[in-house]
Amino acid sequence: MSMDKTLRRVTDLDEQQAETYRYWQSRPVAERLLAVCELSEAAYAFKESFKGVVVDAHPRLQRPSSPAQR
């Protein structure tokens, strides 16, 4: 997947927000979802590294250590 690296100079904040919106609306849904996933992972990794905790590259769901009683 190639990435468009076009630079645009914007001096107005409203125009910048409109340009950002137009860009993301032009991308396929799968690409937008992938970007959200990557940003979420980066944010959580940053949060954990800021606390000094090493983050697993491939986190897995954790199971409870004992079965729940009904």
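Right, let's walk through the structure included here. Treat the numbers as computed from the prediction; the structure is a model and nothing was measured. (Residues numbered from 1 in each chain as written. Predicted model: local features only at pLDDT ≥ 70, side-chain atom pairs only at ≥ 80, totals over all residues. Heavy atoms only, no water.)

1. Overview of the overall build of the protein chain
Here is step 1 of the chain: Each helix and strand in the protein chain was counted, giving two helices and zero strands.
Here is step 2 of the chain: A total of 70 residues make up the protein chain; the buried ones form 3% of that total. (Helix = DSSP H or I, 4+ residues; strand = E, 2+ residues; numbered from the N terminus. Buried < 20%, exposed > 50% of the residue type's maximum accessible area, 1.4 Å probe, protein only.)

2. Some words on the layout of surface pockets
The rolling of a water-molecule-sized probe over the atoms marks out the regions of remaining empty space.
Here is step 1 of the chain: Space inside the largest pocket adds up to approximately 350 Å³.
Here is step 2 of the chain: If you go around the largest pocket, you meet 15 residues; those closest to its centre are Met 3, Asp 4, Tyr 23, Trp 24 and Glu 31.
Here is step 3 of the chain: If you list the elements that add at least two residues to the lining of the largest pocket, you get α1 (13-26) and α2 (29-50).
Here is step 4 of the chain: Among the elements that take part in the lining of the largest pocket, α2 stands out by supplying four residues, more than any other.
Here is step 5 of the chain: A class-by-class count of the residues in the lining of the largest pocket yields seven nonpolar, two polar and six charged. (1 Å grid on protein atoms, 1.4 Å probe; cavity = no way out; pocket = protein on both sides within 12 Å on 5 of 7 lines; lining within 4 Å. Points joined across faces, edges and corners; volume = space filled by probe spheres on them. Nonpolar A, V, L, I, M, F, W, Y, C, P; charged D, E, K, R; others polar.)

3. Considering the pattern of salt bridges
Here is step 1 of the chain: As enumerated under the stated definition, the model contains three salt bridges in all.
Here is step 2 of the chain: Of the charged contacts, one joins Glu 19 and Arg 22 as a salt bridge, the two residues approaching to 3.0 Å between their closest N and O atoms. Here Glu 19 pairs with Arg 22, and both are found in helix α1, just three residues apart, close to one helical turn.
Here is step 3 of the chain: Of the residues examined, Glu 19 reaches a relative accessible area of 22% and is grouped as partly exposed.
Here is step 4 of the chain: Relative accessible area serves as the criterion here: at 41%, Arg 22 is assigned to the partly exposed category.
Here is step 5 of the chain: Within the structure, one salt-bridge network assembled from shared partners comprises Glu 15, Glu 19 and Arg 22. (Salt bridge = Lys/Arg side-chain N within 4 Å of Asp/Glu carboxyl O.)

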